[in-house]
Amino acid sequence: MAATTTTTTDAALARLMVWLSPAYPVGAFSYSHGLETAVEEGAVTRRHELVAYVEAALLRGAGAVDAGLLALAWRAAEAGADAALDEIVELGAAWRGTAELALEAMQPGAAFASVTLAAWPEPRFAAFAARHPGRLTHAVAFGAAAAWHGVPLRTACFGWLNAFAANVVSAGVRLVPLGQTDGQIATAALLPAIAEATEAALAVEDADVLGSAALAIDLFSMRHETQYTRLFRS
Amino acid sequence: MLHVAATSGGTRIADLFQAAPLRWLFPDVEADEPKPGALVNVAGGLAGGDSLEIALHVEAGAAFTATTPAAEKLYRSLGPSTVIRTQVQVAAGATCEWLPQETILFDQARLDRRLTLDLEAESRLLAAELLVLGRAAHGEQVSGGSVLDAWRVRRGGRLIWADALRLADPFRDAADRFALAGANAAATLLLAAPDAAAHRELARDCADGAASLVAPGLLVARWLGEAGAVRNALGAAICRLRTAALGHPPRLPRLWRT
């Protein structure tokens with residue numbers, strides 16, 4: 001594993017933990033990534049089905065696309081390649097399987113930029129956020145901020161995917177419902193998928209090859225728009 | 001490369017350049033239909049390494065319906081992908097339909113397709129893609145190959161929608177109940193129009209609720225299922241949306257019907 005070891009300083013680790021904590025006010029807790037409809041329609045009724053749902057999102061769906069964009073944004077930011085970074089911002093903003101998945105990516109992106117500018121000021125991130133008002137997805141904003149704050153790429157990718165997975169699991173705990181311990185067992189079971197999704201994201205060199213196979217999740221998300229009883233915004 | 005333009009006598013061909021294996025044919029116009037164009041692949045199928053470039057430009061005031069006379073078949077590839085690059089440009093005040101029939105992937109076929117739609121605020125476009133995994137009539141199961149089937153939509157030069165279906169070899173995703181859920185067909189229908197939001201309920205009704213206004217003036221509906229059922233549902237949705245949103249007759253282009 002020596003080749004994959006990355007050194008994370010305490011300063012970088014602090015940022016990673018704080019930015020991805022459910023306490024960081026980006027509002028991710030109000031999104032279920034289509035899971036609310038999957039539960040309503042009986043497709044997710046048990047822990048192993050919740051794990052399968054999150055695995056699909058991580059490896060075949062938005063997790064794969066967003067983490068790929070995160071990695072591209074991190075590299076462009078690190079290199080100071082503004083034009084390339086701006087293209088990734090535009091692609092991230094346009095990549096929207098459904099209206100609610102777009103909201104799930106954009107609203108926390110704007111909130112992340114806003115609170116990070118206030119609490120963790122950094123001139124490059126400030127200029128970047130000013131160039132793209134209302135156009136930053138959470139993954140792209142996080143990737144750029146991580147690069148400029150010295151959070152290593154692999155760590156940033158792995159952390160972001162872990163937080164994404166934990167957020168959907170948390171929605172599942174409330175929706176299925178599952179006990180808190182079952183939720184933690186699900187989160188632990190997702191570790192291999194998070195690691196695999198991280199490797200896949202790091203291997204992305206060209207935004208043109210990004211894609212999703214999680215069409216079933218897109219269909220759940222579309223039907224969520226007209227679901228009668230809704231706790232979540234996606 | 002095909003340009004169609006509005007004239008006092010209706011929509012006419014302004015410019016056409018074509019090379020084998022693609023050929024545009026122009027069937028007679030039905031009285032109440034827009035000018036039709038049929039894109040024919042005279043080779044009768046596509047193999048790995050084949051590369052097609054298609055550009056269609058519908059100029060201001062023109063109305064055009066592009067379709068294909070039959071399903072496109074992608075044969076098994078030993079390595080290289082079949083590359084298809086399509087650009088459809090619809091000027092302000094123009095109306096276009098991009099309605100090819102289904103693309104059928106044989107087992108181990110490799111597709112790299114990108115559909116780029118360049119629109120203006122006042123253009124109207126109804127566009128569909130239907131992908132079928134395996135020859136359903138032969139009961140063929142597709143075990144692998146590769147698919148990258150991408151959409152890019154720009155309005156006024158700005159990217160407003162990006163999407164891609166990506167299946168990596170082997171096709172584990174096909175069986176995953178939260179990916180393709182065992183379906184052998186997936187269809188996407190896109191309506192771009194200033195009043196697209198007004199047709200969202202109709203699109204939902206056609207797609208069992210699976211429709212969404214993904215950006216202002218941009219409506220997307222999706223189907224996932226058995227090939228015959230998906231083709232029928234997509235066809236019915238095309239009929240209803242082309243009538244409601246484009247003012248065309250409530251029927252499929254003639255080549256879909258024969």
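Residues numbered from 1 in each chain as written. Chains lettered and ligands numbered in written order. Predicted model: local features only at pLDDT ≥ 70, side-chain atom pairs only at ≥ 80, totals over all residues. Heavy atoms only, no water.

Identification of chain B as Urease accessory protein UreD from Falsiroseomonas bella is taken from an unreviewed UniProt entry. Quoted verbatim from the Subcellular location (unreviewed entry) field of UniProt, the annotation for chain B is "Cytoplasm". (UniProt positions renumbered as here; feature names shortened; annotations may be inferred.)

Per an unreviewed UniProt entry, chain A goes by the name Urease accessory protein UreF and belongs to Falsiroseomonas bella. Its UniProt record gives chain A the following Subunit (unreviewed entry) comment, quoted word for word: "UreD, UreF and UreG form a complex that acts as a GTP-hydrolysis-dependent molecular chaperone, activating the urease apoprotein by helping to assemble the nickel containing metallocenter of UreC. The UreE protein probably delivers the nickel." The UniProt entry for chain A carries this comment under Subcellular location (unreviewed entry): "Cytoplasm".

### Focus: the pairing of strand β1 (residues 2-7) of chain B
All names here are of chain B. One ladder, built from 6 bridges, connects β1 with strand β2 (residues 10-16); its direction is antiparallel. Bridging from a neighbouring strand, Leu2 pairs with Leu16 of β2. Sheet topology note: the β1/strand β5 (residues 51-58) ladder contains 3 bridges and is parallel. Following the sheet pairing, His3 is matched in β5 by His57. (Pairing = 2+ DSSP bridges. Helix = DSSP H or I, 4+ residues; strand = E, 2+ residues; numbered from the N terminus.)

### A few points about the side chain of Glu90(A)
Inspection of the secondary structure puts Glu90(A) in helix α5 (residues 82-94). Polar contacts involving the side chain of Glu90(A) include one to the side chain of Arg135(A), which spans 2.7 Å. Setting aside anything within four residues of it in sequence, one finds Glu90(A) in contact with His132(A), Arg135(A), Arg158(B) and Leu159(B). (Polar contact = N/O pair within 3.5 Å; in protein donor to acceptor, adjacent residues only side chain to side chain. Contact = heavy atoms within 4.5 Å.)

### A word on the layout of surface pockets
Its boundaries defined by the atoms lining it, the largest pocket holds a volume of some 990 Å³. Lining the largest pocket are 49 residues, and of these His138(A), Trp160(A), Ala163(A), Phe164(A) and Asn167(A) sit closest to its centre. Mapped by element, the contributors of at least two residues to the lining of the largest pocket are α1 (10-20), α4 (62-79), α6 (99-119), α8 (138-148), α9 (153-175) and α12 (215-224) of chain A together with β14 (158-167) of chain B. The leading source of residues in the lining of the largest pocket is α9(A), at 10 residues. When contributions to the lining of the second largest pocket are tallied by element, the ones reaching two or more residues are α3 (47-59) and α11 (191-202) of chain A together with β14 and α1 (172-175) of chain B. For the lining of the second largest pocket, the class distribution of residues is 14 nonpolar, 2 polar and 6 charged. (1 Å grid on protein atoms, 1.4 Å probe; cavity = no way out; pocket = protein on both sides within 12 Å on 5 of 7 lines; lining within 4 Å. Points joined across faces, edges and corners; volume = space filled by probe spheres on them. Nonpolar A, V, L, I, M, F, W, Y, C, P; charged D, E, K, R; others polar.)

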